[in-house]
Amino acid sequence: MLGRMSEPDSDLLQRIQRLVAEEHELRDGRTDLNRLRLLEEELDQCWDLLRQRRARREFDQDPDQASARSTDTVEHYQQ
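As a starting point, this report considers the structure included with it. (Residues numbered from 1 in each chain as written. Predicted model: local features only at pLDDT ≥ 70, side-chain atom pairs only at ≥ 80, totals over all residues. Heavy atoms only, no water.)

What the protein contains, in helices and strands, is 3 helices and 0 strands. Seen in sequence order, the protein has helices and strands lined up from the N terminus as α-α-α. A burial count over the protein gives 33% of its 79 residues as buried. Accessible surface, the protein as shown: approximately 5,400 Å² in total, 44% of it carbon and sulfur. (Helix = DSSP H or I, 4+ residues; strand = E, 2+ residues; numbered from the N terminus. Buried < 20%, exposed > 50% of the residue type's maximum accessible area, 1.4 Å probe, protein only. Areas by Shrake-Rupley, 256 points an atom, 1.4 Å probe, with all protein chains shown as cover.)

Okay, structure coming up:
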């Protein structure tokens, strides 16, 4: 879903907030389980990308070199 992104962290956080709001609406309505699954996968990718960007910045590396990992990869992370 996500490709290599060079959006600022603030844009990424706004995207996460929009996705979380939609996730809450879908959970409350229990209507579109397929969309909910896709949304959860995209959220996992966004959070992973944000963590990568912050880690690169912490170690004096270019955060724009971070890239989104596949949903298969991020879905198997322990939360």
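Read on, since the account is not over.
What follows deals with unusual backbone geometry. Despite not being glycine, Asp60 shows a phi value in the positive range, around 55 degrees. If you trace the backbone, Asp60 turns up in the loop between helix 2 (33-58) and helix 3 (71-74). Using a relative accessible area of 77% as the deciding quantity, one classes Asp60 as exposed.

Two numbers describe how helix 1 (residues 9-29) lies on helix 2: the axes approach to 10 Å, and their chain directions differ by 155 degrees. Our classification of the angle between helix 1 and helix 2 gives roughly antiparallel. Crossing handedness for the pair helix 1 and helix 2: left-handed. Residue composition of the contact of helix 1 with helix 2, by class: 13 nonpolar, no polar and 11 charged. (Axes fitted to C-alpha atoms, helices over the stretch in contact; angles between N-to-C directions. Parallel < 35°, antiparallel > 145°, perpendicular 65-115°, else oblique. Left-handed = near helix turned anticlockwise from the far one by under 90°. Nonpolar A, V, L, I, M, F, W, Y, C, P; charged D, E, K, R; others polar.)

Time to look at the pattern of salt bridges. This model, assessed by the stated rule, comprises 9 salt bridges. Put simply, Asp9 and Arg57 hold a salt bridge, and the shortest N to O gap is 2.7 Å. Taken together, the residues Asp9 in helix 1 and Arg57 in helix 2 connect sequence positions 48 residues apart. We classify Asp9 as buried; its relative accessible area is 13%. Under the relative-accessibility criterion, Arg57 is labelled partly exposed at 38%. (Salt bridge = Lys/Arg side-chain N within 4 Å of Asp/Glu carboxyl O.)

This brings us to the nonpolar core. Leu12, Ile16, Leu19, Leu26, Leu36, Leu39, Leu43, Cys46, Leu49, Leu50 and Ala66 form the largest nonpolar core, which has 11 residues in total. Breaking this core down by element, the ones donating at least two residues are helix 1 and helix 2. No other element matches helix 2, which puts 6 residues into this core. (Core = buried A, V, L, I, M, F, W, Y, C linked by side-chain atoms within 4.5 Å.)

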